[in-house]
Amino acid sequence: MFDDFGEADVLRLAEVPMPQARPGDLLVKVHATGVNRADLLQRQGYYGRQSYGDSDLLGLEVAGEVVAVGADVTDIGPGERVMGIVGGGAYAEFARVDRAMAVRIPEDLDYVGAAAVMESFVTAWEAAVHLGETARGMAVLIHAAAGGVGSAGVQIAHAFGARVFATANAERRAEVLALGAEAVFDYRSEDFELGVRDATGGRGVDVIVDFVGGDYLARNLRSLAPGGRLVQVGLLSGQDTASIPLSVLLHNHLRLIGTVMKSRTVDEKRAMVQRFAEGALPMFADGRLEPLVGKVFPLAQAAEAHRAMEAGGGLGKIVLNVTA
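Chains are numbered independently. Their residues run from 1 in the order of the written sequence. Side-chain atom pairs in this predicted model are given and counted only at pLDDT of 80 or more, local residue features only at pLDDT of at least 70, and totals for whole chains, interfaces and linings cover all residues. As a rule here, side-chain values come from all non-hydrogen atoms in the structure, and water together with hydrogens is ignored.

A.B. asks: Could you give an account of a nonpolar patch on the surface, naming the residues involved and the relevant values?
C.D. replies: Nonpolar side chains (Val, Leu, Ile, Met, Phe, Trp, Tyr) are joined into patches within 5 Å and like charges within 9 Å, using only residues with over 30% relative accessible area and no salt bridge. For the area figures, the Shrake-Rupley method with a 1.4 Å probe applies, and any residue is considered shielded solely by the protein chains shown. For this analysis, a salt bridge means a side-chain nitrogen from Lys or Arg found within 4 Å of a carboxyl oxygen belonging to Asp or Glu. A grouping of Ile244, Leu246, Leu250 and Leu256 is seen on the molecular surface, where their side chains present a nonpolar patch of about 370 Å² in accessible area. Here Leu250 lies in helix α8 (residues 246-251). The cut-offs for exposure are 20% and 50% of the maximum accessible area for each residue type, with area from a 1.4 Å probe on protein chains only; residues under the lower value are buried, those over the upper are exposed, and the others partly exposed. We classify Leu250 as exposed; its relative accessible area is 61%. Only DSSP runs of H or I with at least four residues qualify as helices, and only runs of E with at least two residues qualify as strands; both kinds are numbered from the N terminus onward.

The following block contains the structure:
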């Protein structure tokens, strides 16, 4: 937890009351939890004192063992392994999880791997599939493709049979290519707009999933094929204001779609998890999708985990091992 907004060193371990399961909840002994950029923003004060969940503690996803269930839960019981999304409270030994936002962990997946699934793959599925409408034969561009959500997006688009292009640090090019990308453009030294145009014979891509924002906006719109869709998921650039080429948007009948999970209603989050469970979860069982774990830290080193995310450059998801 933290008392005041600030740098990573404001984080500290503390004893807090045990969460109590409501009628529709699972009480979960947390084995591992994923670190998300929203955690950093919350710690820095980006959201102010506004709470989008039912806990002021950090953490938006858990992987662990059910130890108790609410009175209305009849389809799952103590001892079962689950991974789920919470509105806060995952950086802890125990967390309560809305049953509708939890799924059983696939048999071959351990807790650390499971902790790298929910936020990344639910978000990526929502962006690339539900909103972006990715389908076989389409061309898709995924930005920040070495990160947790970006790498999930590359895997998902590839699994759908799309042509996948990506941006990432050049040092991660080979690894992103191994996830299914056809070409990876170094965001520091290569022009993805030119690269996409050349790779598609001037047509552009059908779907772009972007986590950067800022001056990427205009370049993204110019990189879309007629009728294309830009799904804006994040603002890694720190710029929430950008110029938009309206003539391109209008002439090419483009769609600009914004989405973020943290501010969605409970019902919207439940629907997102349901879509993920129906569409993506079977792909983990047959190997088409797999979590990508970058670095693992014990819960007591949450500040180090945050610093690692702020430093960037890694591949995959940063995970806190709560039982380590």
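Once you've had a look at it, read on.
A.B. asks: How would you summarise the sheet that holds strand β9 (residues 205-210) if you had to cite specific residues and measurements?
C.D. replies: Overall, parallel pairing links the six strands, which are arranged β8-β7-β6-β9-β10-β11 in an open sheet. At either end of the open sheet lies a strand with only one pairing partner, and these are β8 (183-186) and β11 (255-258). For this sheet, the mean inter-axis angle between neighbouring strands, taken without regard to orientation, is 15°. DSSP-based pairing: two strands are paired if at least 2 bridges between them are found. Here an axis means a line fitted to C-alpha atoms, over the contact stretch when the element is a helix, while the angle between two N-to-C directions is reported on a 0 to 180 degree scale.

A.B. asks: Give a detailed account of the domain arrangement of the protein, specifying residues and quantitative values.
C.D. replies: Note that the domain bounds reflect an automated or database-derived domain assignment. Considered domain by domain, the protein is made up of domain 1 (8-116 + 291-321) and domain 2 (121-258). One C-alpha centre belongs to domain 1, the other to domain 2; they are set 28 Å apart. Of the roughly 800 Å² buried where domain 1 meets domain 2, counting both sides, 64% is carbon and sulfur surface. Here the buried area means the combined drop in accessible surface, using a 1.4 Å probe, for two parts upon being joined, counting both sides. Ranking the residues of domain 1 by area buried against domain 2 places Leu292, Gly313 and Leu315 at the top, with a combined share of 48%. Our enumeration of links across domain 1 and domain 2 arrives at zero salt bridges. Split into classes, the residues belonging to the side of domain 1 that touches domain 2 amount to five nonpolar, three polar and two charged. Asp, Glu, Lys and Arg are counted as charged, while Ala, Val, Leu, Ile, Met, Phe, Trp, Tyr, Cys and Pro are counted as nonpolar; the rest, among them Gly, fall into the polar class.

A.B. asks: Describe in detail unusual backbone geometry, supporting the description with residues and values.
C.D. replies: Backbone geometry follows two general trends: most residues other than glycine have a negative phi, and most peptide bonds adopt the trans configuration. With a phi angle near 50°, Ala144 is a residue other than glycine that sits in the positive phi range. Assignment of secondary structure puts Ala144 in the loop between β6 (139-142) and α4 (148-159). Phi is positive for His253, which is not a glycine, with a value near 55°. Tracing the backbone through its elements, the reader meets His253 in the loop between α8 and β11.

A.B. asks: Mind laying out the pairing of strand β12 (residues 293-298), listing which residues take part and the relevant values?
C.D. replies: Across four bridges, the pairing between β12 and strand β13 (residues 317-321) is parallel. When the bridges of β13 are listed, Pro298 appears paired with Asn321.

A.B. asks: Tell me what's going on with the environment of Met261, and back it up with residues and numbers.
C.D. replies: Here Met261 shows up in the loop between β11 and α9 (266-279). Judged by its relative accessible area of 6%, Met261 falls in the buried class. In contact with Met261, other than residues within four places in its own chain, are Ile85, Glu119, Val122, Thr123, Lys269 and Met272. What makes two residues a contact is simply this: any of their non-hydrogen atoms within 4.5 Å.

A.B. asks: Run through helix α3 (residues 118-131), naming residues and quoting values.
C.D. replies: Bend is the name given here to the angle between axes fitted to two runs of seven residues, the run ending at a residue and the run starting at it. Where α3 bends most, the angle comes to about 25°, and this point is Trp125. Counting buried residues along α3, 13 of its 14 residues qualify, which places the element largely inside the surrounding structure. One or two positions beyond α3, positive phi appears at Glu133, with a value near 60°.

A.B. asks: Which residues make up the side chain of Asp25, and what values go with them?
C.D. replies: With respect to the secondary-structure elements, Asp25 resides in strand β1 (residues 25-34). Assessed through its relative accessible area of 3%, Asp25 is described here as buried. Polar contacts, as used here, are pairs of N or O atoms within 3.5 Å; protein pairs need one atom able to donate a hydrogen and one able to accept it. Residues neighboring in sequence count only if both atoms are side-chain atoms. At 2.6 Å, the side chain of Asp25 forms a polar contact with the side chain of Arg22. If near-sequence neighbours (up to four positions away) are discounted, Asp25 is found in contact with Gln20, Val69, Gly70, Val73, Arg96, Val97, Asp98 and Arg99.

A.B. asks: Explain the environment of Thr33 to me, and be specific about the residues and the numbers.
C.D. replies: Along the chain, the position of Thr33 falls in strand β1. Along the backbone, Thr33 and Gly153 are 120 residues apart, and their C-alpha atoms lie at a distance of 20 Å. The residues contacting Thr33, other than those within four sequence positions of it, are Glu61, Ala90, Tyr91, Ala115, Val319, Leu320 and Val322. Engagement of the side chain of Thr33 in a polar contact is seen with the backbone oxygen of Glu61, the distance being 2.5 Å.

A.B. asks: Can you lay out the packing of α3 against α4 for me, pointing to particular residues and giving the numbers?
C.D. replies: It is at 8 Å that the axes of α3 and α4 come closest, and there the two elements cross at 55°. Relative to α4, α3 is oriented oblique. Relative to α4, α3 is oriented so that their crossing is right-handed. Contacts between α3 and α4 involve Ser120, Phe121, Thr123, Ala124, Trp125 and Val129 from the former and Gly148, Val149, Ala152, Gly153, Gln155 and Ile156 from the latter. Of the residues contributing to the contact of α3 with α4, the split by class is seven nonpolar, five polar and no charged. Orientation categories follow fixed angle ranges, with anything under 35 degrees roughly parallel, anything over 145 roughly antiparallel, 65 to 115 roughly perpendicular, and all other angles oblique. Here is the rule for handedness: rotate from the far helix to the near one, and if that takes an anticlockwise turn smaller than a right angle the crossing is left-handed, while a clockwise turn gives right-handed.

A.B. asks: Please give an account of the nonpolar core that cites residues and values.
C.D. replies: Formed by 58 residues in total, the largest nonpolar core has its most connected members in Met83, Met118, Val154, Val176 and Phe276. Sorting elements by how many residues they give to this core places α3 first, with nine residues. Each of domain 1 (8-116 + 291-321) and domain 2 (121-258) gives at least three residues to this core. Beyond its immediate sequence surroundings of up to four residues, Met83 is in contact with Val62, Ala63, Met101, Ala102, Val103, Arg104, Ile105, Pro106, Ala114, Val117, Met118 and Leu281. Of all hydrophobic cores here, the second largest spans 30 residues; its members include Ala102, Phe297, Met309 and Ile318. Throughout this description, the term nonpolar core refers to a set of buried Ala, Val, Leu, Ile, Met, Phe, Trp, Tyr and Cys residues connected via side-chain atoms within 4.5 Å.

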